[in-house]
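An overview of the molecular structure
Chain by chain, the residues:
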Amino acid sequence: MYTKKIFSAFLSISFTIIFFTGTGLCELQSLNDDELSGVYAKAGFTDFAINDLGGGISETYAWFNINTYQYTEIESLKLGYHDEYNYKDPTPGFAWDEDWENVVIGTDFEDPSTDFRTEGMYFSAEFENIDDPATRQLKSITWGADDVYGDLTADFNSFSGTIDNSDNNTPEYNGHALNLGTQTITAGDLNSDGDASEFSITLSLDGFQKGYWVTFTEATVAP
């Protein structure tokens, strides 16, 4: 029963923060019987765990065997408007963690083979003192995918996160509110080493990555 409560709260927080934060209006709609008839799952569809990360920090992790293919255009995407994003500035002003305009996810809407692909979707959240309801604190929440492939193009007026063209922990881009200009992020097994590109969006409540933080591995950036 305790695990189910944590899992339900975790999913509620995930959907609320990741999907319904921003300048637009969203509304949940129920599916009718015809729509539900096309939804199905099988054994191995989902996995849920609570992992001890040490130091009093625990991670709740939910993985879903969900694959998506998409071509999407977004006029403006903004996340995380606050004045704490730049720890190097003694008097930082308010700014967006992520300020992307003219966003295109995928390459050509007429060619499905160029869709942006994601496989293995997951949600995770880190808690301090997860076993004690009186002192339990949410530290961060992440939505991501184990394997992503394709192009994401935008005017990156502000990009907070990490882009690494390998998995060697020496990212080519790493920081808060970076102005990348008009760029295309290309994800995929770029080095043919069998390592897939990974993608995630994290909302951290403290630490170096405080605010919204986007991560790409095995990805390149080019005009």
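Everything discussed here concerns the structure shown above.
1. Let's talk about the pattern of salt bridges
For the structure on display, the rule yields six salt bridges. Notably, a salt bridge pairs Lys78 with Asp99, separated by 3.3 Å at the nearest N-O pair. Residue Lys78 is found in strand 3 (residues 72–82), and its partner Asp99 is found in strand 4 (residues 95–105); the two are separated by 21 residues along the sequence. Given the relative accessible area of 23%, Lys78 is considered partly exposed. A relative accessible area of 13% places Asp99 in the buried class. Between Glu101 and Lys78 there is a salt bridge whose closest N-O contact spans 3.9 Å. With Glu101 in strand 4 and Lys78 in strand 3, this pair connects stretches of sequence that are 23 residues apart. Here the salt bridges share partners, and the residues they tie into one network are Lys78, Asp99 and Glu101.

2. Regarding the packing of aromatic side chains
Applying the stated criterion across every chain yields a total of ten aromatic pairs. Ring centres of Trp100 and Phe156 lie 5.1 Å apart, and the angle between their planes is 75 degrees; this geometry places the pair in the edge-to-face category. Of this pair, Trp100 sits in strand 4 while Phe156 sits in strand 6 (residues 137–163), placing them 56 residues apart in sequence. Across this residue pair, the class does not change: Trp100 and Phe156 are buried. Here the aromatic rings of Trp100 and Phe159 are separated by 6.1 Å at their centres, their planes lie at 15 degrees, and the arrangement is stacked. In this pair, Trp100 is assigned in strand 4 and Phe159 in strand 6, connecting sequence segments 59 residues apart. The two residues Trp100 and Phe159 agree in class, both being buried.

3. Side note on unusual backbone geometry
Even without being a glycine, Asn102 presents a positive backbone phi close to 50 degrees. Among the secondary structure elements, Asn102 is positioned in strand 4. Of the residues examined, Asn102 reaches a relative accessible area of 49% and is grouped as partly exposed. Backbone geometry places Asn129, a non-glycine residue, at a positive phi of 55 degrees. Following the sequence through the fold, Asn129 ends up in the loop between strand 5 (116–128) and strand 6. Residue classification places Asn129 among the partly exposed residues on the basis of a relative accessible area of 34%.

4. Quick look at the environment of Tyr122
One can find Tyr122 in strand 5. Measuring from C-alpha to C-alpha, the distance between Tyr122 and Ser200 comes to 9.1 Å, with 78 residues separating the pair along the chain. Every residue in contact with Tyr122, bar those within four places of it in the chain, is listed here: Tyr61, Ala62, Trp63, Thr142, Trp143, Gly144, Ala145, Asp146, Phe199 and Ser200.

5. Concerning the nonpolar core
Of all hydrophobic cores here, the largest spans 32 residues; its most connected members are Trp100, Leu152, Phe156, Phe159, Ile163, Ile185 and Phe216. When residues of this core are traced back to their parent elements, those giving at least two are strand 2 (57–70), strand 4, strand 5, strand 6, strand 8 (181–187), strand 9 (197–204), strand 10 (211–216) and strand 11 (219–222). When residues no more than four places from it in sequence are discounted, the contact partners of Phe216 are Leu152, Thr162, Ile163, Asp164, Ile185, Ala187, Glu198 and Phe199.

Calculation rules
- Residues numbered from 1 in each chain as written.
- Predicted model: local features only at pLDDT ≥ 70, side-chain atom pairs only at ≥ 80, totals over all residues.
- Heavy atoms only, no water.
- Salt bridge = Lys/Arg side-chain N within 4 Å of Asp/Glu carboxyl O.
- Helix = DSSP H or I, 4+ residues; strand = E, 2+ residues; numbered from the N terminus.
- Buried < 20%, exposed > 50% of the residue type's maximum accessible area, 1.4 Å probe, protein only.
- Phe/Tyr/Trp six-rings, centres within 6.5 Å; stacked < 30°, edge-to-face > 60°.
- Contact = heavy atoms within 4.5 Å.
- Core = buried A, V, L, I, M, F, W, Y, C linked by side-chain atoms within 4.5 Å.

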